[in-house]
Amino acid sequence: MARKVIQVAVNGVTGRMGYRQHLVRSLLAIREQGGITLDDGAGPHGGTVLYPEPVLVGRSEERLRAIAERHGLTRWTTSLDEVLGDPEIDVYFDTQVTSAREDAVARAIAAGKHVYTEKPVAATAAAARALAEAARAAGITHGVVQDKLFLPGMIKLRRLIRDGFFGRVLSVRVEFGYWVFEGDGIPAQRPSWNYRAEDGGGIVLDMFPHWQYLLEDLFGPLSAVYARQATHVPRRWDEAGEPYQVTADDAAYAVLEFASGALGSVNSSWAVRVNRRELLELQVDGTHGSAVAGLRNCAVQHKVSTPLPVWNPDLPDPLDYQAMWTDVPDNMEFDNGFKAQWELFLADAALGRPFRWDLFAGARGVQLAELALRSSAEGRRVEVPAPGSGPPGEHSAGSNGTGTGTGAHGSGMPSTPAHAAGSSR
Ligand SMILES: NC(=O)c1ccc[n+]([C@@H]2O[C@H](COP(=O)([O-])OP(=O)(O)OC[C@H]3O[C@@H](n4cnc5c(N)ncnc54)[C@H](O)[C@@H]3O)[C@@H](O)[C@H]2O)c1
């Protein structure tokens with residue numbers, strides 16, 4: 001069986017996402033399982049086995065060395081130029097702070113590397129689109145992390161949609177958030193740059209790219225957004241215990257319209273106390289049934305088992321509404337979503353194929369964040385261009401946003417990469 005090493009520069013590997021999700025739970029986990037078998041038909045016993053070799057990139061030599069030694073890795077550097085100038089390195093991955101991404105990704109594209117990146121791809125839709133155009137012109141494989149598509153709860157929900165459980169979908173309600181400590185007593189659970197607009201912070205730029213790909217994959221294209229952002233907690237304490245002024249939004253309340261006629265309401269907040277089963281919950285109500293899906297769970301209530309509530313504040317309500325929902329069972333194995341997407345990206349990069357969730361798809365996510373911020377600033381409803389009707393998603397026919405992504409192969413997983421179907425190259 002042929003074996004091929006693919007060298008992956010991971011920039012920002014000392015960060016929360018870079019270390020835990022991308023290095024440990026994805027790249028190292030892929031190595032531990034023995035690599036990825038490519039569908040390239042090489043050899044009688046299957047395809048070539050692809051084995052990722054991470055090269056750690058960051059700003060602190062000491063911290064990089066510590067990570068490398070902890071995991072038996074041999075190569076790290078604080079020089080982006082060094083990795084971009086090295087022809088042995090195949091893939092550049094960016095999981096830096098958002099504000100540092102655009103420049104580094106542009107340089108990686110110019111150096112001819114395959115590029116994979118965390119979201120948001122850039123701070124503006126125009127910048128994200130320019131990166132996507134450059135990547136297409138360079139003929140590289142390019143992609144953006146869209147991990148929420150692979151959450152077990154969302155996979156179950158996608159299966160319900162595909163199987164027609166809901167009838168006609170009427171509305172979608174997203175509740176996302178938790179209390180992020182201010183940092184003066186208990187340390188904050190999120191890095192302080194998230195609360196500084198000048199450093200690429202803000203919950204709209206952070207979360208609306210997720211809402212775009214997740215909701216359009218499940219329910220088809222969005223057509224309009226009204227949003228109101230807020231900064232509820234104006235003063236916080238940073239990693240060094242120093243107080244600072246919050247300059248970015250820490251909550252946003254939005255109403256979304258879908259081309260199908262369905263309506264969505266999306267509450268995102270880092271200043272809310274959790275009274276839900278999970279940190280993210282998405283309720284779908286349809287003519288034939290409803291569901292509440294989270295990171296792992298998905299509870300359903302069908303039309304035939306819907307109770308008959310009667311409004312009477314004079315008496316205790318005899319109905320136990322929570323008990324009338326049924327959990328969809330875990331009837332398949334769920335891999336880590338970041339890892340699942342890494343496997344698909346590395347396979348496409350190794351074979352020189354386009355990747356379904358490409359930088360054009362990433363640009364559409366930034367576009368929704370930008371439109372939501374505009375809606376909030378101007379106090380009005382803003383239309384969302386149809387996918388394929390113009391910037392920035394026009395080349396992303398194979399990407400989500402087309403409303404066709406209701407899963408393939410009976411698994412409820414996002415459709416496998418559309419190698420043949422409308423790539424961006
Ligand atoms: N897909 C998801 O679910 C998800 C979740 C959280 C964050 N993210 C994204 O991942 C990226 C990293 O977020 P994180 O929470 O890991 O952040 P973090 O602060 O923990 O890590 C940021 C990394 O960027 C590096 N860096 C480079 N230039 C920097 C600068 N000028 N200032 C500070 N750090 C700098 C840091 O050294 C660190 O390695 C962000 O773009 C964020 O939007 C994605």
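Since the model is a prediction, treat every value here as computed from it, not as a measurement.

(A) Broad picture of the pattern of salt bridges. Under the definition given, this model contains 27 salt bridges. For E257, the salt bridge identified is with R381, shortest N-O distance 2.7 Å. With E257 in strand β12 (residues 251–258) and R381 in the loop between α9 (359–378) and β18 (382–383), the pair connects residues that are 124 residues apart, well separated along the chain. Assessed through its relative accessible area of 40%, R381 is described here as partly exposed. A network of salt bridges, in which partner residues are shared, links D39, D348 and R353.

(B) Quick peek at the sheet that holds strand β15 (residues 289–293). One open sheet accounts for nine strands, arranged β17-β16-β15-β14-β8-β13-β12-β9-β18; its pairing is mixed. Strand pairing shows two members of the sheet lacking a second neighbour, β17 (326–327) and β18, which therefore form its edges. Pairing analysis gives seven bridges linking strand β8 (residues 169–177) to strand β13 (residues 263–269), with the strands arranged parallel. Each residue of the ladder has a partner; that of R173, found in β13, is S265. Of the strands in this sheet, β9 (222–230) and β18 touch α9, which is tilted by about 55° from β9.

(C) Expanded view of the packing of helix α1 (residues 16–32) against helix α8 (residues 337–351). Direction vectors running N to C along α1 and α8 enclose 60°, while the axes themselves pass 9 Å from each other. Between α1 and α8, the interaxial angle falls into the category oblique. Two packed elements cross with a definite hand, and for α1 against α8 that hand is right-handed. For the pair α1 and α8, the contacting residues are M17, Q21, H22, R25, S26, L27, A29 and I30 in the first and F338, K339, W342, E343 and L346 in the second. Residue composition of the contact of α1 with α8, by class: seven nonpolar, three polar and three charged.

(D) Summary view of the environment of D163. Position of D163 among the secondary structure elements: in the loop between α6 (152–162) and β8. Sequence separation between D163 and G412 is 249 residues; the distance between their C-alpha atoms is 9.6 Å. A polar atom in the side chain of D163 sits 3.3 Å from the side chain of R162.

(E) Local environment of the nonpolar core. By size, the foremost hydrophobic cluster in this structure holds 83 residues, and its most contacted members are L157, L215, L282 and L346. Looking at this core element by element, the count peaks at eleven residues for helix α7 (residues 203–219). Not counting residues within four places of it along the chain, the set of residues in contact with L346 comprises I6, V8, L27, I30, I36, L50, P52 and V91. Of all hydrophobic cores here, the second largest spans 27 residues; its members include V121, A125, A128 and A363.

(F) Spatial organisation of the site of the ligand. T14, R16, T98, R101 and W193 are the nearest of the 21 residues found near the ligand. With respect to the ligand, the backbone of Q96 contributes an N or O atom lying 3.4 Å from an oxygen atom. The separation between an oxygen atom of the ligand and a polar side-chain atom of K148 is 2.9 Å. Within the complex, the protein chains bury 82% of what would otherwise be the 840 Å² of accessible surface of the ligand. The set of elements that each furnish at least two residues to the shell around the ligand consists of α1 and α7.

(G) Just unusual backbone geometry, in detail. With an omega dihedral of -15°, the bond running from K119 to P120 counts as a cis peptide bond. Relative to the assigned elements, P120 resides in the loop between β6 (114–117) and α5 (125–138).

(H) A look at the pairing of strand β1 (residues 3–11). Judged from the nine bridges that link them, β1 and strand β3 (residues 49–57) form a sheet pairing that is parallel. Residue pairing across strands places K4 opposite L50, the latter belonging to β3. Bridge count for β1 against strand β5 (residues 91–94) is four bridges, and the pairing is parallel. In the strand pairing of β5, V8 is matched with V91.

(I) Just the side chain of K339, in detail. By the element assignment, K339 lies in helix α8. Residue K339 is classed as buried on the basis of its relative accessible area of 6%. Reaching out from K339, the side chain makes a polar contact with the side chain of Q33 at a distance of 2.8 Å. Contact partners of K339, with chain neighbours within four places excluded, come to R25, S26, A29, I30 and Q33.

Parameters and conventions
Residues numbered from 1 in each chain as written. Predicted model: local features only at pLDDT ≥ 70, side-chain atom pairs only at ≥ 80, totals over all residues. Heavy atoms only, no water. Salt bridge = Lys/Arg side-chain N within 4 Å of Asp/Glu carboxyl O. Helix = DSSP H or I, 4+ residues; strand = E, 2+ residues; numbered from the N terminus. Buried < 20%, exposed > 50% of the residue type's maximum accessible area, 1.4 Å probe, protein only. Pairing = 2+ DSSP bridges. Contact = heavy atoms within 4.5 Å. Axes fitted to C-alpha atoms, helices over the stretch in contact; angles between N-to-C directions. Parallel < 35°, antiparallel > 145°, perpendicular 65-115°, else oblique. Left-handed = near helix turned anticlockwise from the far one by under 90°. Nonpolar A, V, L, I, M, F, W, Y, C, P; charged D, E, K, R; others polar. Polar contact = N/O pair within 3.5 Å; in protein donor to acceptor, adjacent residues only side chain to side chain. Core = buried A, V, L, I, M, F, W, Y, C linked by side-chain atoms within 4.5 Å. Near = heavy atom within 4 Å. Areas by Shrake-Rupley, 256 points an atom, 1.4 Å probe, with all protein chains shown as cover.

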